[in-house]
Amino acid sequence: MGSTTVLEEMWPLVRATVDRAACASIRRDYRGDSSLLAGRHHIIAEAAGAASVAAAMAGQAGTGDIVCIVSGGNIDAPKLGAILNGQRPF
């Protein structure tokens, strides 16, 4: 998230395993997706870490089997609390 490229050493792995990619904007509201992950699945993810889920839920991932890579438990407790209470901490 926040980059315009894939690292050169990662490109062969991406090319061999990925059929399609979607672009997500940092401006999109990810708080619902972070809240969904925490509330339903007990997964703590910062906004950028929930971007793949947001893209899939917005219909940008196509059909069939979809894999979302969720990362980044690097969110402080007050921000997470605000997200879980439906607020916008960003």
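Below is a short write-up of the structure. For clarity, every value in this text was computed on a predicted model and none was experimentally measured.

## Some thoughts on the overall build of the chain
In terms of helices and strands, the chain carries four helices and zero strands. For the chain, the sequential pattern of α-helices and β-strands runs α-α-α-α. Among the 90 residues that make up the chain, the fraction classed as buried is 20%. If you take every contact in the chain between residues at least 6 apart in sequence, the share linking residues at least 24 apart comes to 51%. Summed over its atoms, the accessible surface of the chain is roughly 6700 Å², and 53% of this surface lies on carbon and sulfur atoms.

## Considering a nonpolar patch on the surface
Nonpolar side chains collect at one region of the surface, where Val6, Leu7, Met10, Trp11 and Leu13 lie side by side and expose about 490 Å² of accessible area between them. Counting through the fold element by element, valine 6 comes out in the segment before helix 1 (11–17). The exposure class assigned to valine 6 is partly exposed, which follows from its relative accessible area of 42%.

About the cut-offs
Residues numbered from 1 in each chain as written. Predicted model: local features only at pLDDT ≥ 70, side-chain atom pairs only at ≥ 80, totals over all residues. Heavy atoms only, no water. Helix = DSSP H or I, 4+ residues; strand = E, 2+ residues; numbered from the N terminus. Buried < 20%, exposed > 50% of the residue type's maximum accessible area, 1.4 Å probe, protein only. Contact = heavy atoms within 4.5 Å. Areas by Shrake-Rupley, 256 points an atom, 1.4 Å probe, with all protein chains shown as cover. Patch = residues over 30% accessible without salt bridge, like charges linked within 9 Å, V, L, I, M, F, W, Y side chains within 5 Å. Salt bridge = Lys/Arg side-chain N within 4 Å of Asp/Glu carboxyl O.

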